[in-house]
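# Overview (structure and organization)
Okay, here's what each chain looks like letter by letter:
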Amino acid sequence: MFTVLLVIYLLAALGVIGLVLIQQGKGADMGASFGAGASNTVFGAGGSGNFLTRMTAIFATVFFILSLVLGNMSTSTTESQWVDPTQGQVIQQAEDVMSELPAETGDEIPQ
């Protein structure tokens, strides 16, 4: 489930990027009034801006909702790596380790 949502999230991000790059700025309409040929567009004279704006809003909404869902799914896992700092770390005492080793007698031990 997480992987499927992640793929949809990636496609929504690429969709938003692509649609924003395709859209023209507000100052680009001045060229159409001087005979740049606005009637040659695929969506008609004024329909492309409305269609692209609506699709950008849909992709952005999907992107935003999936961001919240994926963030919630990634933080609410049962297998957490977090350690409670009030509990402290369990440290094995040095005396316990030394008592497990056999004592050697010889010249290497200082008197």
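What counts, and at which threshold
Throughout, a residue's number is its position along its own chain's written sequence, starting from 1. Per-residue local features are limited, in this predicted model, to residues with pLDDT of at least 70; the limit for side-chain atom pairs, both in listing and counting, is 80 or more; totals at the level of whole chains, interfaces and linings are taken over all residues. Remark: hydrogens and water are excluded; side-chain values derive from all non-hydrogen atoms of the structure. Here a strand is any run of E in DSSP of at least two residues, a helix any run of H or I of at least four, and the numbering for each starts at the N terminus. The classification of residues rests on relative accessible area computed with a 1.4 Å probe and restricted to protein chains. Under 20% of the type maximum is buried, over 50% is exposed, and intermediate values are partly exposed. The criterion used for residue contact is that any of the two residues' heavy atoms lie within 4.5 Å. Here the accessible surface of atoms and residues is derived via Shrake-Rupley with a 1.4 Å probe, and residues count as covered only by protein chains that are part of the display. One less than the number of residues in a helix, times 1.5 Å, gives the span that helix is expected to have. Here the arc refers to the directions that run from the helix axis out to each C-beta atom. Each patch groups residues whose relative accessible area exceeds 30% and which form no salt bridge, using 9 Å between like charges and 5 Å between nonpolar side chains of Val, Leu, Ile, Met, Phe, Trp and Tyr. One side-chain nitrogen of Lys or Arg within 4 Å of one carboxyl oxygen of Asp or Glu is enough to make a salt bridge. The quantity called pLDDT is the predictor's confidence in a given residue, expressed from 0 to 100. Here is the rule: rings of Phe, Tyr and Trp (six-membered ring for Trp) pair when centre to centre is within 6.5 Å. Planes less than 30 degrees apart are stacked, more than 60 are edge-to-face, and the remainder are tilted.

On to the overall build of the chain, then. For the chain, the count of helices and strands is 4 helices and 0 strands. Ordered by position from N to C terminus, the α and β elements of the chain give α-α-α-α. Residue burial in the chain is summarised as follows: out of 111 residues, 9% are buried. In the chain, the proportion of contacts linking residues at least 24 apart, taken out of those at least 6 apart, comes to 86%. Accessible area of the chain: about 9600 Å², with a carbon and sulfur share of 64%.

Here helix α1 (residues 2-22) contains 21 residues, and its C-alpha end-to-end distance of 30 Å stays within 8% of the 30 Å for a straight helix at 1.5 Å per residue. Three or more residues of α1 are buried, namely Leu5, Ala12, Ala13, Gly15, Val16 and Leu19. An end-on view of α1 places all buried positions within 160 degrees of arc, on one side of the element. Seen from the open side of α1, the exposed residues pointing more than 90 degrees away from its buried face are Thr3, Leu10, Leu11, Leu14, Leu21 and Ile22.

A cluster of nonpolar side chains, Val7, Leu10, Leu11, Leu14, Ile17 and Leu21, forms an exposed patch at the surface whose accessible area comes to about 630 Å². Along the chain, Leu11 falls in helix α1.

Now for the environment of Leu6. Relative to the helices and strands, Leu6 is located in helix α1. Considered as a pair, Leu6 and Ser67 are 61 residues apart in the sequence and their alpha carbons are 9.2 Å apart.

Another aspect to go through is the side chain of Thr56. In this fold, Thr56 is placed in helix α3 (residues 47-75). Relative accessible area serves as the criterion here: at 13%, Thr56 is assigned to the buried category. When near neighbours in sequence (up to four residues on either side) are disregarded, Thr56 contacts Leu19, Val20 and Gln23.

Turning next to the confidence of the model for the chain. When pLDDT is averaged along the chain, the result is 74, and 49% of the positions lie at 70 or above. Confidence, read as mean pLDDT per element, is least for helix α4 (residues 94-100) in the chain (53) and greatest for α1 (94).

The subject of this paragraph is the packing of aromatic side chains. All told, the structure shown has 1 aromatic pair when counted by the stated rule. Geometrically, the ring pair formed by Tyr9 and Phe63 is stacked, given 4.8 Å between the ring centres and 10 degrees between the ring planes. Of this pair, Tyr9 sits in helix α1 while Phe63 sits in helix α3; the two residues are 54 residues apart in sequence, bridging distant segments of the chain. Judged by its relative accessible area of 24%, Tyr9 falls in the partly exposed class.

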